[in-house]
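# Structure at a glance
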Amino acid sequence: MEARFKRDYNHNYMILSVQEKDNYRIKMICNNKIKGLLESHISSFNGSYELYYDVSSKQPLSRLYARKEMGIGEVVEVLSSVKILMEELRKYLLDSDSIIFHPDFCYCNPETLKAEWTCYPGENQTWHIRELAEFLIDRVNHSDCDAVELAYGFYKMVKADCFGIKEMDELLQKYGREREFEQPEKEEIKEENLYDAWGHEEEKQPERLTLFEKIKKLIMNKPEKEAQIVPFASKVQRYESSPGREIFDEEYPEEYTGETMVMGVQSRKSFRRLRSIKKGSVEYISLDKLPCILGKMEECADVVLKDISVSRMHAKIFEENGELFLQDLNSKNGSYVNNLELDSNEIVKLSIGDEIAFGNLRYIYE
């Protein structure tokens, strides 16, 4: 099933063609806000009808977990959304046959992980549930025993063709139980109490130095905390535990009030990179490690762009046959190449010298 995407003002839509307009199911999903379903409306295009699904600020399940594993919380969230949706469909005299249970057609909020599914009236779509089960098996964190048990339990249920509300409820009760997390006890600070001459306990005060003593310490090169003067546009590299990611902190003068912060691989010797177009500073984004996802949500992005105009997962840069491509990832404020806005999920080829924008942030590909 092939979907196309369109950006319309502040909304992004996934579009699927349908054969008829007056189908009972189409009327039900377009005229009602059904919990667990993507909101949709129908429109005509070139003499045929199309269903527009609102996927603004959401990401498909397949993309969200393309490179990271799912724990028990994520698996429970996905399967619970399936069960809740099946219960909701009954209220509107609908069934699960018209739901596309495929990870490409399940859209989630990257922060809350709330999942919404695609209802496509027409032929039976139930067979997609097997692809969802296989996806969970492939992406589950195998060191998380509860997540593994739940994912494999769902896979066995689907394989045995006993997929229903009752079976889903039993499965979630058996394997999807909420785990109790023990709150770590706060470490007590063990230090001797200070008493004044009268025997009263007094608070420990920070050491106060006179101007002369401060100057003396600087001369003797024995500051209390190591300080380093960093140029305005320089970066200080800090390696994180996350594999394949390098994050750079920035230090700015006190008068700097900007909100943009680039966190990613940066090197002036990079073979391919993006150079920022910004007065007062120069920032580089290395493109040596691809594919590369850019956005403001650290858990999902390889390069974090802390700017209000940037979406949580904004765009993706990847390589095919030695050529670089840019794909908009359903961003709210859009991605641009040479001042031309990309449609939602559109892919364009990049050439040296192209001007690229992610929301309000602009770069040159060099």
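The preceding data block contains the structure.
In this report, the structure presented in the accompanying data block is examined. (Residues numbered from 1 in each chain as written. Predicted model: local features only at pLDDT ≥ 70, side-chain atom pairs only at ≥ 80, totals over all residues. Heavy atoms only, no water.)

### Notes on the sheet that holds strand S14 (residues 273–276)
An order of S15-S14-S24-S23-S20-S21 is seen for the six strands of this open sheet, with the pairing classed as antiparallel. Every other strand in the sheet has two partners, leaving strand S15 (284–286) and strand S21 (340–341) as the edge strands with one partner each. Direction of pairing for S14 relative to S15: antiparallel, over a ladder of three bridges. Residue pairing for S15: Leu 274 is matched across the bridge by Ile 285. (Pairing = 2+ DSSP bridges. Helix = DSSP H or I, 4+ residues; strand = E, 2+ residues; numbered from the N terminus.)

### Details of the pairing of strand S2 (residues 11–18)
A regular strand places its side chains on the two faces of the sheet in alternate fashion. Burial within S2 is extensive, with six of its eight residues counted as buried. Bridge count between strand S1 (residues 4–8) and S2: five bridges; the pairing is antiparallel. In the strand pairing of S2, Lys 6 is matched with Tyr 13. Between S1 and S2, which follow one another and run antiparallel, lie two residues, and Tyr 9 among them has a positive phi close to 55 degrees. In this structure, S2 lies alongside strand S4 (residues 48–54), joined through six bridges in antiparallel fashion. (Buried < 20%, exposed > 50% of the residue type's maximum accessible area, 1.4 Å probe, protein only.)

### Quick look at the packing of aromatic side chains
Scanning all chains against the criterion turns up five aromatic pairs. Both rings, one in Phe 318 and one in Phe 325, keep their centres 5.7 Å apart while their planes meet at 20 degrees; by these two values the pair is stacked. With respect to burial, Phe 318 and Phe 325 carry one shared label: buried. Residues Phe 358 and Tyr 363 carry aromatic rings whose centres are separated by 5.9 Å and whose planes lie at 50 degrees to one another, so their mutual orientation is tilted. Like Tyr 363, Phe 358 is buried. The positively charged end of Lys 316 is found above the aromatic ring belonging to Phe 318, 5.5 Å away from the centroid. (Phe/Tyr/Trp six-rings, centres within 6.5 Å; stacked < 30°, edge-to-face > 60°. Lys NZ or Arg CZ within 6 Å of the ring centre and 35° of its normal.)

### Notes on the environment of Ile 308
Within the element layout of this structure, Ile 308 appears in the loop between strand S17 (303–305) and strand S18 (315–320). Relative accessible area serves as the criterion here: at 67%, Ile 308 is assigned to the exposed category. Ile 308 sits 25 residues away from Asn 333 along the chain, and the two C-alpha atoms are 9.8 Å apart.

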